[in-house]
Amino acid sequence: MANIQWEYIFDIKLAIESFPYVMQGIGYTILISLVSMLLGLILGFFIALGRMSNKWLFRIPARLYISFMRGVPILVFLFILYFGLPMIGIEFTAVTAAIIGFSLNSAAYMAEINRSAIASVDKGQWEAASSLGFTYWQTMRKIILPQAVKLALPPLSNVYLDLIKGTSLAAMITVPELFQKAKIVGGREYDYMTMYIVAALIYWGICSIISILQNYLEKRYEGKNL
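S.K.: Can you help me understand the packing of aromatic side chains in this one?
M.R.: The geometry of an aromatic ring pair is captured by two quantities: the separation of the ring centres and the angle between the planes. Considering all chains together, one arrives at 5 aromatic pairs under this definition. When the centroid spacing of 5.6 Å and the interplanar angle of 25 degrees are considered together, the rings of Phe 179 and Tyr 196 count as stacked. Here the residue Phe 179 occupies a position in helix α8 (residues 178–189), and Tyr 196 occupies one in helix α9 (residues 192–222), the gap between them amounting to 17 residues. According to the relative accessible area criterion, Tyr 196 is partly exposed, its value standing at 35%.

S.K.: How should I be thinking about a nonpolar patch on the surface in this particular structure?
M.R.: Together, Phe 10, Ile 12, Ile 16, Leu 201 and Trp 204 give the surface a local cluster of nonpolar side chains, amounting to about 550 Å² of exposed area. Mapped onto the nonpolar patch, the elements with two or more residues apiece are α1 (12–23) and α9. Relative to the assigned elements, Trp 204 resides in helix α9.

S.K.: Even after reading the chapter, I still don't get the side chain of Ser 18, so can you show me in this structure?
M.R.: Inspection of the secondary structure assignment puts Ser 18 in helix α1. According to the relative accessible area criterion, Ser 18 is buried, its value standing at 4%. A polar side-chain atom of Ser 18 sits 3.4 Å from the main-chain carbonyl oxygen of Ala 15. Setting aside chain neighbours within four positions, we find Ser 18 in contact with Val 185 and Met 195.

S.K.: I would appreciate a short explanation of the packing of helix α6 (residues 123–131) against helix α7 (residues 136–166) in the present structure.
M.R.: Two numbers describe a pair of packed helices, the interaxial angle and the distance between the axes. At their nearest, the axes of α6 and α7 sit 10 Å apart, and the two run at 145 degrees to each other. Note on packing geometry: the crossing formed by α6 with α7 is right-handed. Only Tyr 136, Thr 139, Met 140, Ile 143, Ile 144 and Gln 147 of α7 make contact with α6, whose side of the interface consists of Gln 125, Trp 126 and Ala 129.

The rules behind each value
Residues numbered from 1 in each chain as written. Predicted model: local features only at pLDDT ≥ 70, side-chain atom pairs only at ≥ 80, totals over all residues. Heavy atoms only, no water. Phe/Tyr/Trp six-rings, centres within 6.5 Å; stacked < 30°, edge-to-face > 60°. Helix = DSSP H or I, 4+ residues; strand = E, 2+ residues; numbered from the N terminus. Buried < 20%, exposed > 50% of the residue type's maximum accessible area, 1.4 Å probe, protein only. Patch = residues over 30% accessible without salt bridge, like charges linked within 9 Å, V, L, I, M, F, W, Y side chains within 5 Å. Areas by Shrake-Rupley, 256 points an atom, 1.4 Å probe, with all protein chains shown as cover. Salt bridge = Lys/Arg side-chain N within 4 Å of Asp/Glu carboxyl O. Polar contact = N/O pair within 3.5 Å; in protein donor to acceptor, adjacent residues only side chain to side chain. Contact = heavy atoms within 4.5 Å. Axes fitted to C-alpha atoms, helices over the stretch in contact; angles between N-to-C directions. Left-handed = near helix turned anticlockwise from the far one by under 90°.

The structure is reproduced here in structure tokens:
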């Protein structure tokens, strides 16, 4: 331990001086993760309905989609979107490719979460709604979803945390997000270790804030009689 040269592990001066530059990438990190989460939620809801459908025309494609997206590394999928599709004439900007990739990928995970949450609501709720003359969508919107949200909130929050951390992979397709900024400084100053630690601390800070919000929402919903 006495022979460790700590200045090569973490240069405090470099960390402080480069912090504002690295933080310039946080906008892309939040943008990609937030938009991907919202699009993934919408798409994941309909995939979940397809997954639960009695009609094979909806159920089989939904299951194949979930299996494919959960079985393919997101980095491979990003490379297909950004580097592969231009070969057949389809081009996206790096940010657009990242949003599409993370949205489609996260939708598969959120579909399973939504399916599980909806299936966990007592079937008697459906029967009671039907006896009152509610349509399928009225039952879903007024009775099932309010209860399912409470069950789905914790795992959906974890998906968002994974999205925030996963956006670091967007650096591989040249998106100037947080991790990409840290890599640029690391290469310029020949000190990747310091910059990787700075990036790690920033990601930790963002995820800690999201976790606090998650706990707040969970307690709020626990206090409601849904």
